[in-house]
Amino acid sequence: MARSFVAEARRRVGPKKARIRPIVERLIAEHPDAGIALKFRSDIELLVSVMLSAQTTDVNVNRVTATLFEKYKRPEDYLAVPVEELERDVYATGFFRQKTKSIRGTMQRLLERDLQRLVPREHWGVFPHLLIWHGRRVCIARAPRCEECVLTDLCPSSRV
Ligand code: SF4
């Protein structure tokens, strides 16, 4: 009964594609001051901030991410540390175990999606692991050891 009511209501308002523009325009007119209070400098930071913002305030998230984002800059950085370390780093936002799990899962998927376009198919399985281990051992987010890195001549971020 409820389902047919919803279907009927959807038919009445018309297709989504035709509705989205006026919906957005009206909402902008209705809430001209609407803005996101989360602080971020990139898509990854926005993604992580939103994931951390569940069940807490934006102010609290911003407090945590101010240091978090200095340490974790790329998807592989979130995967390179032990789970417990990331849990500690997001602890103050609450539900830290679930949030850590979600962030790591998302970063893993991002890494797999992004890289699939670049990496030859036969290396898809191993490449994310190579990046993670390289991040753990050599390309450490806070202090990459470029002088010991085998990629230094291929890497645009090399400090050597
Ligand atoms: S050369 Fe590039 S990949 Fe290697 S440690 Fe430095 S920044 Fe990381």
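As shown above, the structure is provided for reference.
In short, a report on the structure. (Residues numbered from 1 in each chain as written. Predicted model: local features only at pLDDT ≥ 70, side-chain atom pairs only at ≥ 80, totals over all residues. Heavy atoms only, no water.)

As for the nonpolar core
Inclusion rule: Here, nonpolar core refers to any group of buried Ala, Val, Leu, Ile, Met, Phe, Trp, Tyr and Cys residues whose side-chain atoms link them within 4.5 Å. Accessible area is worked out with a 1.4 Å probe on protein chains only. A residue is then buried under 20% of its type maximum, exposed over 50%, and partly exposed in between. Whether two residues are in contact is decided by their heavy atoms, any of which lying within 4.5 Å being enough.
Val48, Leu52, Leu68, Tyr78, Leu86, Ile103 and Met107 are the most contacted members of the largest nonpolar core, which totals 21 residues. In this structure, Ile103 is in contact with Val48, Met51, Leu52, Tyr78 and Leu86, ignoring residues within four places of it in sequence.

Section: the site of the ligand
Counted only if it meets this: Think of it this way: one heavy atom of a residue within 4 Å of a molecule or strand is enough to make that residue near it. Amino acid classes used here: Ala, Val, Leu, Ile, Met, Phe, Trp, Tyr, Cys and Pro are nonpolar; Asp, Glu, Lys and Arg are charged; the rest, including Gly, are polar.
All residues in the neighbourhood of the ligand are listed as His134, Cys139, Pro144, Cys146, Cys149, Thr152, Cys155, Ser157 and Ser158. Broken down by class, the residue content of the shell around the ligand amounts to 5 nonpolar, 4 polar and no charged.

Quick look at the pattern of salt bridges
Where we set the bar: Throughout this description, the term salt bridge denotes a Lys or Arg side-chain nitrogen within 4 Å of a carboxyl oxygen of Asp or Glu. Secondary structure counts use DSSP, requiring at least four H or I residues in a row for a helix and at least two E residues in a row for a strand, with both numbered from the N terminus.
Enumeration over the complete set of coordinates arrives at 10 salt bridges. The salt bridge involving Arg41 is made with Glu70; its shortest N-O contact spans 3.5 Å. Of this pair, Arg41 sits in the loop between helix H2 (16-30) and helix H3 (43-52) while Glu70 sits in helix H4 (residues 58-71); the two residues are 29 residues apart in sequence, bridging distant segments of the chain. Given a relative accessible area of 58%, Arg41 falls into the exposed group. The class of Glu70 is partly exposed, set by a relative accessible area of 41%. For Asp77, the salt bridge is made with Arg74, and the minimal N-O distance between the two is 2.6 Å. The buried category is assigned to Asp77, whose relative accessible area is 5%. Given a relative accessible area of 28%, Arg74 falls into the partly exposed group. Taken together, the shared-partner salt bridges in this structure form one network comprising Arg41, Glu45, Glu70 and Lys73.

Taken by themselves, the reported measurements are silent on function.
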